[in-house]
Amino acid sequence: MGLFGLAMFTTERRTKEIGIRKVLGASVTDLVGMLTKEIVVLVLIAILLASPIAWYFMNQWLQGFAFRINVSWWVFVLGSAAMGIALITISFAL
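These numbers come from a predicted model, not from an experiment.

### A word on the overall build of the protein
Okay, step 1: Scanning the protein for helices and strands turns up five helices and zero strands.
Okay, step 2: Over its C-alpha trace the protein gives a radius of gyration of 19 Å, far above what one expects of a compact globule, namely 12 Å for 94 residues.
Okay, step 3: Expressed as lengths along the three principal axes of its C-alpha atoms, the size of the protein is roughly 65 × 20 × 20 Å.
Okay, step 4: Within the span of the protein, comprising 94 residues, buried residues form 21% of the whole.
Okay, step 5: Of the contacts made within the protein by residues no fewer than 6 positions apart, 61% connect residues no fewer than 24 positions apart.
Okay, step 6: Summed over all atoms, the accessible surface of the protein reaches about 7000 Å², with 74% contributed by carbon and sulfur.
Okay, step 7: Side chains of the protein carry 7 positive and 4 negative charges; the gap between the two charge centres is 6 Å.

See the structure below:
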């Protein structure tokens with residue numbers, strides 16, 4: 001289930017808190033922001049930890065070939081599209 005399961009678990013665990021906040025006047029935007037903030041932070045930490053490690057191992061692997069290429073920085077910019085995918089996944093769970 002991964003990210004979808006984590007978002008569902010977070011929503012189920014905080015059902016009473018969501019209800020109380022809604023009664024006290026919280027908007028849907030506030031509630032969605034509250035629920036997605038935790039998961040977005042986790043995904044950002046994962047990207048920041050995984051990018052340098054991935055660059056190092058990809059660079060080492062590519063050096064073993066006869067025609068050597070360097071790993072460009074834009075590969076990791078495209079890889080950070082994972083944040084967009086994570087937000088779309090979370091939006092289905094909420």
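Next, the rest of the story.
### Considering the packing of aromatic side chains
Okay, step 1: Counted according to the given criterion, the structure contains two aromatic pairs.
Okay, step 2: Measuring from centroid to centroid gives 5.3 Å for Y56 and F57, while their planes differ by 75 degrees, and the two rings are edge-to-face.
Okay, step 3: Y56 sits in the partly exposed class, given a relative accessible area of 43%.
Okay, step 4: With 5.2 Å between their ring centres and 90 degrees between their planes, W61 and F65 make a pair best called edge-to-face.
Okay, step 5: Taking relative accessible area as the criterion, W61 reaches 55% and is therefore assigned exposed.
Okay, step 6: According to the relative accessible area criterion, F65 is partly exposed, its value standing at 40%.

### Quick look at the packing of helix 2 (residues 15–23) against helix 3 (residues 28–62)
Helix-helix packing is described using two parameters, namely the angle between the two axes and the distance between the axes.
Okay, step 1: The contact between helix 2 and helix 3 brings their axes to 10 Å, and the two run at 150 degrees. As far as their axial angle goes, helix 3 and helix 2 are roughly antiparallel. Here helix 2 runs over helix 3; the crossing is right-handed. Of the residues in helix 3, those touching helix 2 at E17, I18, R21 and K22 are V28, L31, M34 and L35.

### Considerations on helix 3
Okay, step 1: Spanning 35 residues, helix 3 covers 48 Å between terminal C-alpha atoms, matching the ideal 51 Å at 1.5 Å per step.
Okay, step 2: Along helix 3, the sharpest change in direction is near 35 degrees and occurs at T36.
Okay, step 3: Looking only at helix 3, the buried set comprises L31, M34, L35, T36, I39, V43, I47, N59 and L62.

### Some remarks on the confidence of the model for the protein
Okay, step 1: Taken residue by residue, the protein gives an average pLDDT of 83. The fraction at 70 or more is 97%.
Okay, step 2: Per-residue pLDDT, averaged within each element of the protein, yields its smallest value for helix 5 (residues 82–93) (76) and its largest for helix 2 (89).

Rules used throughout
Residue positions are given per chain, counted from 1 along the sequence in the order it is written. Local features in a predicted model are, by the rule used here, given only for residues with pLDDT of at least 70; side-chain atom pairs are given and counted only at 80 or more, and totals for whole chains, interfaces and linings are based on all residues. Note that water and hydrogens are dropped before the side-chain values are worked out from all heavy atoms of the structure. Each helix is a run of H or I in the DSSP string that is no shorter than four residues. Each strand is a run of E no shorter than two, and both are numbered from the N terminus. Note that the radius of gyration is over C-alpha atoms, with the globule rule given as 2.2 Å times the number of residues to the power 0.38. Partly exposed residues are those whose accessible area sits between 20% and 50% of the maximum for their type, while under 20% is buried and over 50% is exposed, using a 1.4 Å probe and protein chains only. Residues are treated as being in contact if the distance between any of their heavy atoms lies within 4.5 Å. Shrake-Rupley sampling with a 1.4 Å probe provides the accessible areas, and residues are treated as covered by the protein chains on show and by no other component. In this count, Lys and Arg are taken as positive residues and Asp and Glu as negative ones, while His and the chain termini are left out. The atoms used to mark charge sites are NZ of Lys, CZ of Arg, CG of Asp and CD of Glu. The rule is short: rings of Phe, Tyr and Trp, with Trp giving its six-membered ring, pair when the centres are within 6.5 Å, and they are stacked under 30 degrees, edge-to-face over 60, tilted in between. Throughout, an axis means a line fitted to C-alpha atoms (over the contacting stretch in the case of helices), and angles, computed between N-to-C directions, take values from 0 to 180 degrees. Roughly parallel means an angle under 35 degrees; roughly antiparallel means over 145; roughly perpendicular covers 65 to 115; every other angle is labelled oblique. Crossing handedness follows the turn of the near helix against the far one: under a right angle anticlockwise gives a left-handed crossing, and clockwise gives a right-handed one. The span one expects for a helix is its residue count, reduced by one, times 1.5 Å. Here the bend at each residue means the angle between axes fitted to two seven-residue stretches, the one ending at that residue and the one beginning there. Summary of the metric used: pLDDT quantifies the predictor's per-residue confidence within the range 0 to 100.

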